[in-house]
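Notes for the structure review
Each chain is listed here by its residues.
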Amino acid sequence: MRSLLFTLSLLCFASQTSLSWKKEEFRSCDQTPFCKRARSRSPGACSLIATDVTIADGDLVAKLTPKDNDDQINPLVLSLSVYGDGIVRLRIDEDHSLNPPKKRFRVPDVVVPELEEKKIRLEKFATENDPPSSVVYVSDGYEAVVRHEPFEVYVRERSGDRRRVVSLNSHGLFDFEQLGKKGEGDDWEEKFRTHTDSRPFGSQSISFDVSFYESSFVYGIPEHATSFALKPTKGPGVEESAEPYRLFNLDVFEYEHESPFGLYGSIPFMVSHGGTGKSSGFFWLNAAEMQIDVLAEGWDAESGGGESRIDTLWMSEAGIVDTFFFAGPEPKDVVRQYASVTGTSAMPQLFATGYHQCRWNYKDEEDVAQVDSKFDEHDIPYDVLWLDIEHTDGKRYFTWDSALFPNPEEMQKKLDAKGRRMVTIVDPHIKRDDSYFLHKEATEMGYYVKDSSGKDFDGWCWPGSSSYIDMLSPEIREWWGGRFSYKNYVGSTPSLYIWNDMNEPSVFNGPEVTMPRDALHVGGVEHREVHNAYGYYFHMATSDGLVMRGEGKDRPFVLSRAIFPGTQRYGAIWTGDNTAEWEHLRVSIPMLLTLGLTGITFSGADIGGFFGNPEPELLVRWYQVGAYYPFFRGHAHHDTKRREPWLFGERNTELMRDAIHTRYTLLPYFYTLFREANVTGVPVLRPLWMEFPQDEATFSNDEAFMVGNGLLVQGVYTKGTTHASVYLPGKESWYDLRNGKTYVGGKTHKMDAPEESIPAFQRAGTIIPRKDRFRRSSFQMDNDPYTLVIALNSSQEADGELYIDDGKSFEFKRGAYIHRRFVFSNGVLTSKNVAPPEASLSSQCLIDRIILLGHSSGPNSALVEPLNQKAEIEMGPLRMGGLVASSGTNVLTIRKPGVRVDQDWTIKIL
Ligand code: NOJ
């Protein structure tokens, strides 16, 4: 029976991989009863009123009771907390003193402990009578209001017209289904296709409306393959059949672009932005299935129009209300506020910011050696070679196929000798094979997720019959982490890092290719309550395991497919199984912009598209765009033709090499931006409006993007295109990265986009650090000198930063880093230390070239102080690495000023 099932499931899986996405295998909102119920509620249906308002333990607390309690519903408990910097947290749960059938799941380990330090302990609240409300102070700019009847919570400005910022339940759509005790004859089961969900506690969903004021667009709530500015999903002008944005972590084969369908990850965090240049945010910490509607203007005839407000409807199957309102007002404030709740992204090792070469699968050690040497032969740098599932002994993770990979340690050491790393895959499904040490141990220890009857859950995945480690338990996570020690992971070396795939979790024969919702985790937590966070805990356990392995001295690198708020603290992510189509290249940008906006900046899409065979032109364009992805990896399905960059003829090799070189040249800039993200939460890849919040022309532009504040990149997403329309925002000019030509801001330009490169520009007023020597990996660039590219603005000024540390350890946390700020003003370039006085790292690295864009010709030397030496100035075409612009303007270059990167100095143009 088992083998028949297995064969069937494999057949079904195989057909999934060869055909496109099978919509009918996944539930629509109509087939999801909680979603259907919530969506059909009418505005004003909520009859809850806030009573017994008081202050307790530094929070404002109240009871929520139905106005006329015909339904005999127990009162709910509301508590509102305030944190510094404009953050308001609203929690609503059942009243535990009234003995509900069980405690609803509150997601642990996502909110960072440091948030407590920001808590403003409330001592009092003000009351208002019209309408009756309780008001608390949030910051000098904002206050939070709880209106009593009907209950509503909102943040508003404290001065002027006291304009609203974000509100909850302003349209009376709040609903909280209380846990039930099953009586005789109650039929709570839900069926989908061949699966039955026993739902032992009945319906327990929560839904409510959230409004964003003075907003033109809302963004966020990944992961969907759709536009960056979220389109309305319900209301006037939207098709009746339109689905809400679904947040339910699923293993989706050949996903469609332009769809609200939920993919591998879920971040219930939305950001609004509007014509006033202001942003606000709303985050719901909840790990159950969620569905979110963006309501089209006029959806609620009662509420009138005119206001530039966006209403949304949030629906979740279980959990509690644990929500955060972020007042902004700047876009960067909102991402910082969100980061102070869920954490900033981990500082990656330098190697991880270089190029990664992956394929399902590099077959054996010889294949690995071949691919590695071909990169050298073709003068293409790369940092990491990846091994997919076939490297294992029958998909038993932490093992090697002894025929194909007989000497894994030696293989890794050979790569390491060139400064290159290896990544192997470790998935959460464990082969149910009694002779497999990991399965034996996990079974004996009782470490697997249980099915609804209490037995170890048994589902089908790559290895066949598999069980899944219960990552919700801290004890089990610690045990899992220990599997990565060099002793336990035989054949691993310090240059080996990890890829966590299939962690939604993917269960081939489960409902919607995942685990049944009534499966059980430690503490009796139902899978439905924790589903979206399962992969997060797995990622966390693996990442912590690598830290343990390296005795706390080596920054981990773990790539995850599933995501949840907080994922950014544990590593990188990628957008899963995309397709070798132009539209998938295009949609990768809104997807990565959305991830960055919602905390997960270290992200990328499979270069070339996972499924299918890209034509060379698409592959080249993908490398050109991908060179700016924060996570830069080529990957492909095993059915595809080999596609390493040298397989498409001399010219295409050259084009892909140039794209990868561009990335390596910019590594110092990327690394500095990763540090910025690590400190502030501001992403590496940014929407244009994050840098130009007032410029309405940028609000729905998701084809161009900023890398940091200094680079604007426009991808080419159409076959046979040699031109591109590029909107350059702001009042200042932009310099073409390729040739130094100047373009005015605030205008759309029609540019050449020849096959050599995609349009990319440096913003006037910025300084970008580069390393221009071609090497084979980032490691080999370690001692190379820097180039500074100064793009002067209309006042002939510019500034920029450079961050350097050892690129691998945690010593930077103890101050072992260099952080410089370069300022060009009045013809003088100054290098200033911006690291705190205790920060200390020295470097012999020199700055050997300074390029000034937008400087007139004339001067022929510069004075370097305190060395009191002269440096030569030359005029000539712009260079980037070995590439010399064949056309364009001549630029001024200061050659060999001889200044060190870790010291204070000035260079004066004479
Ligand atoms: C699915 C992943 O998305 C893909 O990248 C990987 O190659 C396969 N699993 C096999 O491990």
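Going by the annotation in an unreviewed UniProt entry, the name recorded for the protein chain is Probable glucan 1,3-alpha-glucosidase, with Brassica napus given as the source organism. Per UniProt, the protein chain carries the Sequence similarities (unreviewed entry) text "Belongs to the glycosyl hydrolase 31 family."

What to know about the sheet that holds strand β37 (residues 711-714)
In space, the 6 strands of this open sheet follow the order β35-β36-β37-β42-β39-β40, with antiparallel pairing throughout. Only two strands of the sheet have a single partner each, and these edge strands are β35 (685-686) and β40 (742-743). Judged from the 3 bridges that link them, strand β39 (residues 734-736) and strand β42 (residues 760-763) form a sheet pairing that is antiparallel. Bridging from a neighbouring strand, Asp 736 pairs with Phe 761 of β42. Relative to strand β36 (residues 704-707), helix α13 (residues 667-680) is tilted by about 85°, and along the sheet it contacts β35, β36 and β37.

Description of the pairing of strand β3 (residues 76-83)
The element β3 is largely enclosed, with a buried count of 7 among its 8 residues. As consecutive antiparallel partners, β3 and strand β4 (residues 87-94) are separated by 3 residues, and within that stretch Asp 85 has a phi angle of approximately 70°, a positive value. In this sheet, strand β5 (residues 119-120) lies alongside β3 in antiparallel orientation, the contact comprising 2 bridges. Considered in β5, the bridge of Tyr 83 is made with Lys 119.

Concerning the UniProt feature "domain: Glycoside hydrolase family 31 TIM barrel" (unreviewed entry) in the protein chain
UniProt's feature table lists "domain: Glycoside hydrolase family 31 TIM barrel" (unreviewed entry) at residues 346-673, given in the numbering used throughout. Between the C-alpha atoms that bound residues 346-673 there is a distance of 12 Å. The span itself is 34% helix and 13% strand.

Examining the site of the ligand
In the region of the ligand, 13 residues are neighbours, and Asp 388, Asp 501, Arg 561, Asp 577 and His 635 sit closest. In this structure, an oxygen atom belonging to the ligand sits 2.4 Å away from a side-chain N or O atom of Asp 577. Separating an oxygen atom of the ligand from a side-chain N or O atom of His 635 is a distance of 2.9 Å. Computed on the free molecule, the ligand has an accessible area of 300 Å², of which 98% lies beneath the protein chains in the complex. Residue composition of the shell around the ligand, by class: 8 nonpolar, 1 polar and 4 charged.

With respect to the packing of helix α7 (residues 474-482) against helix α9 (residues 534-549)
At a minimum axis distance of 7 Å, the contact between α7 and α9 shows a crossing angle of 50°. Considering the angle they form, α7 stands oblique to α9. In this structure, α7 meets α9 at a crossing whose hand is right-handed. Packed against α7, whose contacting residues are Arg 477, Glu 478, Trp 480, Gly 481 and Gly 482, the element α9 presents Tyr 537, Phe 538, Met 540, Ala 541, Thr 542, Gly 545 and Met 548 at the interface. Here the contact of α7 with α9 is built from residues that sort into 6 nonpolar, 4 polar and 2 charged.

So, the packing of aromatic side chains
Within the structure shown, the criterion is met by 58 aromatic pairs. Centroid distance Phe 351 to Tyr 497: 5.0 Å. Interplanar angle 40°. Geometry classified as tilted. Of this pair, Phe 351 sits in the loop between α3 (331-342) and β22 (355-357) while Tyr 497 sits in strand β28 (residues 496-500), and the two are 146 residues apart along the sequence. Among the aromatic residues, those joined into a ring-pair cluster are Phe 351, Trp 386, Tyr 497, Trp 499, Phe 557, Trp 574, Phe 602, Phe 631 and Phe 674.

Concerning the UniProt feature "domain: Glycoside hydrolase family 31 N-terminal" (unreviewed entry) in the protein chain
In the numbering used here, UniProt assigns the "domain: Glycoside hydrolase family 31 N-terminal" (unreviewed entry) feature to residues 78-293. Helix makes up 0% of residues 78-293 and strand 37%, and the two end C-alpha atoms of the span are 24 Å apart.

A word on the sheet that holds strand β26 (residues 459-461)
The strand order across the open sheet built from 3 strands is β25-β27-β26, with neighbouring strands paired in antiparallel fashion. Among the strands making up the open sheet, the edge pair consists of β25 (429-431) and β26. Here the strands of the sheet are splayed against their neighbours by 60° on average, with no regard to which way each runs.

Some remarks on the packing of helix α12 (residues 650-665) against α13
As a packed pair, α12 and α13 sit with axes 5 Å apart at the nearest point and diverge in direction by 55°. When the axis of α12 is compared with that of α13, the two are oblique. Between α12 and α13, the contacting residues are Arg 663, Tyr 664 and Thr 665 on the first element and Leu 667, Pro 668 and Phe 670 on the second. Here the contact of α12 with α13 is composed, by residue class, of 4 nonpolar, 1 polar and 1 charged.

Details of unusual backbone geometry
Among all residues save glycine, negative phi is the norm, and among peptide bonds the norm is trans. Here Pro 222 and Glu 223 are connected by a cis peptide whose omega angle stands at 25°. Relative to the helices and strands, Glu 223 is located in the loop between β15 (217-220) and β16 (245-247). The residue Asp 379 is not glycine, and still its phi comes out positive at about 60°. Looking at where Asp 379 falls in the secondary structure, it is placed in the loop between α4 (365-377) and β23 (384-387). For Asp 379, a relative accessible area of 38% puts it in the partly exposed group. For Lys 395, which is not glycine, the phi torsion reads 60° and is therefore positive. Structurally, Lys 395 can be placed in the loop between β23 and α5 (408-417).

Concerning the pattern of salt bridges
Side chains that carry opposite charge are capable of pairing whenever their charged atoms lie near each other. Tallied over the full model, the rule gives 84 salt bridges. In this structure, Arg 483 engages Glu 441 in a salt bridge whose closest nitrogen and oxygen atoms are separated by 3.8 Å. Residue Arg 483 is located in the loop between α7 and β28, and its partner Glu 441 is located in helix α6 (residues 437-445); the two are separated by 42 residues in the primary sequence. The buried category is assigned to Arg 483, whose relative accessible area is 13%. Residues participating in the shared-partner salt-bridge network are Arg 27, Glu 190, Asp 197, Arg 199, Arg 246, Glu 289, Glu 317, Glu 512, Arg 517, Glu 526 and Arg 528.

Some thoughts on the domain arrangement of the protein chain
If you check the domain split of the protein chain, you get domain 1 (34-182 + 190-221 + 267-342), domain 2 (350-683) and domain 3 (688-909). Domain 2 and domain 3 are separated by 32 Å when their C-alpha centres are compared. Taken together, both faces of the contact between domain 2 and domain 3 bury some 4500 Å²; the carbon and sulfur share is 61%. For the domain 2 face of the interface with domain 3, the top three residues by lost area are Arg 555, Arg 621 and Tyr 669, together amounting to 15%. Remark: the boundary between domain 2 and domain 3 carries 7 salt bridges. A salt bridge links Arg 651 to Glu 755, with the shortest nitrogen-to-oxygen separation between them at 2.8 Å. Summed over the shared surface of domain 2 and domain 3, the number is 25 residue pairs in polar contact (both at pLDDT 80 or more). Those elements that provide at least two residues to the side of domain 2 that touches domain 3 are α10 (582-597), α11 (616-626), α12 and α13. For the side of domain 2 that touches domain 3, the element with the most residues is α13, which contributes 9 residues.

Overview of the state of the cysteines
Taken as a whole and judged by the stated rule, the model has 1 disulfide. Residue pairing for Cys 29: its cysteine sulfur links by disulfide to Cys 35, the two sulfurs lying 2.1 Å apart. Classification of the bridge connecting Cys 29 and Cys 35 rests on its S-S torsion, roughly -105°, and on that basis the disulfide is left-handed. For the residue pair Cys 29 and Cys 35, the accessibility class agrees, reading buried in each case.

Thoughts on the nonpolar core
Burial of nonpolar side chains together is a common tendency in soluble globular proteins. Ranked by size, the top nonpolar core spans 183 residues in total, and within it Trp 480, Phe 557, Tyr 628 and Val 707 carry the most contacts. With 9 residues, the top contributor of residues to this core is α10. Setting aside chain neighbours within four positions, we find Tyr 628 in contact with Thr 662, Arg 663, Leu 666, Phe 670, Leu 685, Phe 705, Val 707, Leu 711, Val 713, Leu 737, Ile 758 and Ala 760. Listed in part, the 47 residues of the second largest apolar core include Val 136, Tyr 142, Phe 282 and Trp 314.

Quick word on the layout of surface pockets
Roughly 840 Å³ of internal volume is contained in the largest pocket. Along the wall of the largest pocket there are 36 residues; nearest its centre are Leu 350, Asp 782, Asp 806, Gly 807 and Lys 808. Taken together, the elements giving at least two residues each to the lining of the largest pocket come down to α13 and β45 (798-804). For the lining of the largest pocket, a count of residues per class yields 16 nonpolar, 11 polar and 9 charged.

So, how was this worked out
Residues numbered from 1 in each chain as written. Predicted model: local features only at pLDDT ≥ 70, side-chain atom pairs only at ≥ 80, totals over all residues. Heavy atoms only, no water. UniProt positions renumbered as here; feature names shortened; annotations may be inferred. Pairing = 2+ DSSP bridges. Helix = DSSP H or I, 4+ residues; strand = E, 2+ residues; numbered from the N terminus. Contact = heavy atoms within 4.5 Å. Axes fitted to C-alpha atoms, helices over the stretch in contact; angles between N-to-C directions. Buried < 20%, exposed > 50% of the residue type's maximum accessible area, 1.4 Å probe, protein only. Near = heavy atom within 4 Å. Polar contact = N/O pair within 3.5 Å; in protein donor to acceptor, adjacent residues only side chain to side chain. Areas by Shrake-Rupley, 256 points an atom, 1.4 Å probe, with all protein chains shown as cover. Nonpolar A, V, L, I, M, F, W, Y, C, P; charged D, E, K, R; others polar. Parallel < 35°, antiparallel > 145°, perpendicular 65-115°, else oblique. Left-handed = near helix turned anticlockwise from the far one by under 90°. Phe/Tyr/Trp six-rings, centres within 6.5 Å; stacked < 30°, edge-to-face > 60°. Salt bridge = Lys/Arg side-chain N within 4 Å of Asp/Glu carboxyl O. Domains from an automatic or database assignment. Buried area = accessible area lost by both parts, 1.4 Å probe. Disulfide = S-S within 2.5 Å. Core = buried A, V, L, I, M, F, W, Y, C linked by side-chain atoms within 4.5 Å. 1 Å grid on protein atoms, 1.4 Å probe; cavity = no way out; pocket = protein on both sides within 12 Å on 5 of 7 lines; lining within 4 Å. Points joined across faces, edges and corners; volume = space filled by probe spheres on them.

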